[in-house]
Amino acid sequence: MTVRQILKMGDPRLLRVAQPVTQFDSDELHLLITDMLDTMVAANGAGLAAPQIGEDLRVVIFGSGSPNPRYPEAPIVPRTVLCNPVITPLGDAEVHDWEGCLSVPGLRGVVPRWQRIRYTGFDPYGDPIDRTVEDFHARVVQHECDHLDGKLYPMRVRDFTKFGYTEVLFPGLDATQDD
């Protein structure tokens, strides 16, 4: 098990546009994914993007088979590894909800996201993935894919009266479990 260091907001590597995966089913890609999964699980993350551990590739992972302690009320999202994702909004409806990020520890903010999306891409073997999702699942995918384009969720916050420290905003939530 290799738990990698998660880069924090301010690190310029988080602001780059990541490069597409060109070699599927390679030892390097599988090792990266294993490290990402180990790192995400160790941090109780809802997802993780390769740039968050300093890897310049369009790879995201998200979901789990059980409730996430940092988002206890959220529905379970199936564990997914997604390479070279493309997101297409389905409709104009946006939902505003709280988000945190492993690269922005201790903070939460209300972020607008498309309510319903279609995402496509590839699994680690190069097989296509094509899903239509909504609500929390859609939010997690959009959040992780933003990392591939050098965006962190505070860049999407519109109302900074709804942005602050997790321990202040949500005193019942264990701040040590926060992103």
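Refer to the structure above for everything that follows.
This report concerns the structure included in the present document. This one's a predicted model, so the numbers in the text were calculated from it and none came from an experiment.

Here's the deal with the sheet that holds strand β5 (residues 104-114)
No. 1: In spatial order, the strands read β4-β5-β8; together these three strands make up an open sheet with antiparallel pairing. Edge positions in the sheet fall to β4 (94-101) and β8 (163-165), since each of these pairs with one other strand and no more. Each strand of the sheet is rotated relative to its neighbour by a mean of 20°, with strand direction disregarded.
No. 2: One ladder, built from three bridges, connects β5 with β8; its direction is antiparallel. Across the sheet, the residue bridging to L107 is Y165, located in β8.

Topic: helix α2 (residues 135-148)
No. 1: With 14 residues, α2 extends 21 Å from end C-alpha to end C-alpha; this agrees with the ideal 20 Å at 1.5 Å per step.
No. 2: Counted residue by residue, α2 has 13 buried out of 14 residues, so it is predominantly covered.
No. 3: At the C-terminal side of α2, G150 shows a positive phi close to 75°.

Looking at the sheet that holds strand β2 (residues 59-62)
No. 1: If you walk across this open sheet you meet the five strands as β1-β2-β3-β6-β7, and the pairing is antiparallel. On the outer flanks of this sheet lie β1 (47-49) and β7 (128-134), each paired with one strand and no other. The sheet shows a mean angle of 40° between the axes of neighbouring strands, direction not considered.
No. 2: Judged from the three bridges that link them, β1 and β2 form a sheet pairing that is antiparallel. Paired with A49 across the strands is V60, a residue of β2.
No. 3: Strand contacts of helix α1 (residues 27-42): β1, β2 and β3 (80-89), with the helix running at about 40° to β2, the strand carrying the most contacts.
No. 4: Along the sheet, α2 makes contact with β1, β2, β3, β6 (116-122) and β7, crossing β2 at roughly 150°.

Notes on the pairing of β7
No. 1: Relative to β7, β6 runs antiparallel, the two being bridged by seven bridges. Across the sheet, I117 pairs through a bridge with V133, a residue of β7.
No. 2: Joining the antiparallel neighbours β6 and β7 is a turn of five residues, in which G126 adopts a positive phi near 90°.

A short note on the state of the cysteines
No. 1: Per the stated rule, a full pass over the model turns up zero disulfides.
No. 2: Here C83 stays unpaired: no disulfide links it, and the sulfur of C145, its closest cysteine neighbor, is 11 Å away.

A word on a negative patch on the surface
No. 1: A cluster of acidic residues, D25, D27, E28 and D127, forms a negative patch at the surface.
No. 2: If you trace the backbone, D27 turns up in helix α1.
No. 3: For D27, a relative accessible area of 67% puts it in the exposed group.

A word on the packing of aromatic side chains
No. 1: For the structure on display, the rule yields five aromatic pairs.
No. 2: Between the aromatic rings of W98 and F170, the centroid separation amounts to 5.1 Å while the plane-to-plane angle is 85°, which identifies the pairing as edge-to-face. With a gap of 72 residues between them, W98 in strand β4 and F170 in the segment after α3 (166-169) connect regions that are remote in the sequence.

What about α1?
No. 1: With 16 residues, α1 extends 22 Å from end C-alpha to end C-alpha; this agrees with the ideal 22 Å at 1.5 Å per step.
No. 2: Inspection of α1 places L29, L32, I33, D35, M36, D38, T39 and M40 among the buried residues, and these make up the whole buried set.
No. 3: Of the surrounding secondary structure, the elements contacted by the buried residues of α1 are β1, β2 and β3.
No. 4: One or two steps after α1, the chain reaches N44, where phi turns positive at roughly 55°.

Thresholds applied
Residues numbered from 1 in each chain as written. Predicted model: local features only at pLDDT ≥ 70, side-chain atom pairs only at ≥ 80, totals over all residues. Heavy atoms only, no water. Pairing = 2+ DSSP bridges. Helix = DSSP H or I, 4+ residues; strand = E, 2+ residues; numbered from the N terminus. Axes fitted to C-alpha atoms, helices over the stretch in contact; angles between N-to-C directions. Expected span 1.5 Å × (residues − 1). Buried < 20%, exposed > 50% of the residue type's maximum accessible area, 1.4 Å probe, protein only. Contact = heavy atoms within 4.5 Å. Disulfide = S-S within 2.5 Å. Patch = residues over 30% accessible without salt bridge, like charges linked within 9 Å, V, L, I, M, F, W, Y side chains within 5 Å. Areas by Shrake-Rupley, 256 points an atom, 1.4 Å probe, with all protein chains shown as cover. Salt bridge = Lys/Arg side-chain N within 4 Å of Asp/Glu carboxyl O. Lys, Arg positive; Asp, Glu negative; His and termini not counted. Charge placed at Lys NZ, Arg CZ, Asp CG, Glu CD. Phe/Tyr/Trp six-rings, centres within 6.5 Å; stacked < 30°, edge-to-face > 60°.

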